[in-house]
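Single-letter residue listing:
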Amino acid sequence: MITVTDQPLDVAAHEAAVSDARAGAVVSFAGVVRDHDHGRSVELLEYEAHPSAESVLREVAAEILADPDVYAVAVSHRYGPLKIGDAALVAAVSTAHRAAAFTACARLVDEVKARIPVWKRQVFTDGTDEWVNCA
């Protein structure tokens, strides 16, 4: 499961997608919309994804999966309007041991955040907004 979608993301589905009889560890991550940013109250987020976003996501997943300790990878990023509590990024990995799973999942999330062409518009409760990750 590797996708960029406007549909809600399911952590359990990502964990199930990396299920492997050899795996002693499955680590997952959910990046959720919070109600604040740098002391300002957030009402909602809106993500926009470049058409290449899914191919970049697949490249990153393939790099993580190239690690011989990693059995499976699942990762998805959502776009469109998201409410407080909605998952924007979900990732899961399976490995034989927990340390490798934590390391691989952290690397997966960090690489996705650094490389995927997805931009975030934060709408604050005071009616103002700002774009984030727009280099």
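Within any chain, residue numbers begin from 1 and follow the written order of that chain's sequence. The predicted nature of this model means local features are confined to residues of pLDDT at least 70 and side-chain atom pairs, given and counted, to a pLDDT of 80 or more, with totals for whole chains, interfaces and linings taken over all residues. The side-chain figures draw on all heavy atoms in the structure; neither hydrogens nor water molecules are used.

1. Comments concerning the environment of Leu 45
Strands here mean DSSP runs of E at least two residues long; helices mean DSSP runs of H or I at least four residues long; both are numbered from the N terminus. Checked against the element boundaries, Leu 45 lands in strand S4 (residues 40–49). Look at Leu 45 and you get buried, because its relative accessible area is 6%. With 36 residues separating them along the chain, Leu 45 and Pro 81 place their C-alpha atoms 5.8 Å apart. Two residues qualify as a contact provided that any one of their heavy atoms is within 4.5 Å of a heavy atom in the partner residue. If we skip the residues at most four places from it in the chain, Leu 45 touches Val 33, Gly 80, Pro 81, Leu 82, Lys 120, Arg 121 and Gln 122. Three exposure classes are used, based on accessible area relative to the maximum for each residue type with a 1.4 Å probe and protein chains only: buried under 20%, partly exposed in between, and exposed over 50%.

2. Looking at the layout of surface pockets
As defined here, a cavity is a set of points on a 1 Å grid over the protein atoms alone where a 1.4 Å probe fits but cannot get out. A pocket is an open set with protein on both sides within 12 Å along at least five of seven lines, and residues line them when an atom is within 4 Å of a point. Grid points are joined across faces, edges and corners, and a volume is the space filled by probe spheres set on the points. As a volume, the largest pocket reaches approximately 490 Å³. Contributing to the lining of the largest pocket are 23 residues, with Tyr 47, His 77, Lys 113, Lys 120 and Asn 133 lying nearest its centre. No other element matches the four residues that strand S8 (residues 118–124) contributes to the lining of the largest pocket.

3. Digging into helix H3 (residues 98–115)
Helices are assigned an expected span. That span is 1.5 Å times one less than the residue count. Across its 18 residues, H3 extends 26 Å between first and last C-alpha, which sits within 8% of the 26 Å expected from 1.5 Å per residue. Those residues of H3 not exposed but buried are Ala 101, Ala 104, Cys 105, Leu 108, Val 109 and Val 112. Around the axis of H3, the buried residues are gathered within 130 degrees of arc, so they sit on the same side. Exposed residues pointing more than 90 degrees away from the buried face of H3 are listed as Ala 99, Phe 102, Thr 103, Asp 110, Lys 113 and Ala 114. In the core, the buried residues of H3 are packed alongside strand S2 (25–32), helix H2 (53–65), strand S5 (70–78) and strand S7 (87–95). Along the arc lie the directions from the helix axis toward the C-beta atoms.

4. Topic: the pattern of salt bridges
We count a salt bridge whenever a side-chain nitrogen from Lys or Arg sits within 4 Å of a carboxyl oxygen from Asp or Glu. The full count for this structure, using the stated rule, is ten salt bridges. Where Arg 22 meets Asp 20, a salt bridge forms, and the shortest distance between an N and an O atom there is 2.8 Å. Judged by its relative accessible area of 22%, Asp 20 falls in the partly exposed class. With its nearest N and O atoms 2.8 Å apart, the salt bridge here joins Asp 37 to Arg 34.

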